[in-house]
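The residues making up each chain are set out below.
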Amino acid sequence: MNTFSDGLVTAVLLIGGLDPTLAAIVGRSLAVSGVSATLACAIGVPLGAWLGVARFPARGALLTLLNTLLALPSVVVGLVVYLLLSRTGPLGFLGWLFSFKAMVVAQTVLVVPVVAALTRQSVEDAHAAGGEQLLSLGAGAATRSLLLAWDERYALLTIAIAAFGRAVSEVGAVMIVGGNIDGFTRVMTTAIALETSKGDLPLALALGIVLLGTVLALNAATALLRRWRSLRDDRPLALAGAPA
């Protein structure tokens, strides 16, 4: 108990004192996850929006594959990306293995199915509610997907927040392709695993507190966004029902 309490006090002091090592790891982790979430949204949102409105024979099989990828183990993604980026792999000429770029690639691969699946569900629900009107106006699948995605932009913002949360909490893939190199590829999750194994509990606890705080902030932002959107949607109804 004394070890835990002492470690917790030291962890708080590290956070309060903006320890350089701690700050560097947190900054690198947020940067990797931010870039990965942005790339995943750039790929997953158009794909998911198109799947939400398009109808073709193999759609059911593609959706099954997409939903399967939601449960894709991060270590498997890390292994595949490692093999692709290794010196003998097809992308070895890039020289990205054990680098910032390799971690971004791995996290992007992990997050794209999440973004695509959630976007597909959101756009498909919107299409069921108002897609027939767009179809009657002659809008094609691509046009309808873009218009409905814009109409659901606040839901997509929530999806983007969820994508960042998925990326920042990942450990397996970035450990494999990044190598957890001090000062270069060490992020919060991999540093927690390493420092715990070394017995450096204060730094591990400090990183854990920051990671939990980040996840809590993301969940709070999602809840506030949903609340704001609910109030925004209810306001026109309240005005319409007000007496003249």
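Everything numeric in this text was worked out from a predicted model, so none of it was measured.

**Student:** Whenever I open this one, the packing of helix 2 (residues 20-53) against helix 6 (residues 141-151) confuses me. Can you help?
**Tutor:** For any two helices packed against each other, one specifies the inter-axial angle together with the distance between the axes. Interaxial distance between helix 2 and helix 6 falls to 8 Å at its minimum, and their mutual angle equals 115°. In the crossing of helix 2 with helix 6, the sense of the turn from one axis to the other is right-handed. Between helix 2 and helix 6, the contacting residues are A49, W50 and V53 on the first element and A141, R144, S145, L148 and A149 on the second. Here the contact of helix 2 with helix 6 is composed, by residue class, of six nonpolar, one polar and one charged.

**Student:** Teacher, can you tell me more about unusual backbone geometry here?
**Tutor:** Glycine aside, negative phi is the norm for most residues, and most peptide bonds take the trans geometry. Phi angles above zero are rare outside glycine, and F98 is one such case at about 60°. Tracing the backbone through its elements, the reader meets F98 in the loop between helix 4 (74-85) and helix 5 (100-136). Despite not being glycine, N180 has its phi angle at roughly 55°, a positive value. Within the secondary structure, N180 sits in the loop between helix 8 (172-178) and helix 9 (188-198).

**Student:** In this structure, what is going on with the pattern of salt bridges? I would like to understand it.
**Tutor:** Pairing between side chains becomes possible if they bear opposite charge and their charged atoms approach one another. This structure, assessed with the given rule, holds four salt bridges. For E124, the salt bridge is made with R59, and the minimal N-O distance between the two is 2.9 Å. Note that E124 is positioned in helix 5 and R59 in helix 3 (residues 59-69), a separation of 65 residues in sequence. Of the charged contacts in the structure, one is a salt bridge between R186 and D182, with a shortest N-O distance of 3.8 Å. Of the residues examined, R186 reaches a relative accessible area of 11% and is grouped as buried. Through salt bridges with shared partners, a single network forms among R59, R120 and E124.

Cut-off values and rules
- Residues numbered from 1 in each chain as written.
- Predicted model: local features only at pLDDT ≥ 70, side-chain atom pairs only at ≥ 80, totals over all residues.
- Heavy atoms only, no water.
- Axes fitted to C-alpha atoms, helices over the stretch in contact; angles between N-to-C directions.
- Helix = DSSP H or I, 4+ residues; strand = E, 2+ residues; numbered from the N terminus.
- Left-handed = near helix turned anticlockwise from the far one by under 90°.
- Contact = heavy atoms within 4.5 Å.
- Nonpolar A, V, L, I, M, F, W, Y, C, P; charged D, E, K, R; others polar.
- Salt bridge = Lys/Arg side-chain N within 4 Å of Asp/Glu carboxyl O.
- Buried < 20%, exposed > 50% of the residue type's maximum accessible area, 1.4 Å probe, protein only.

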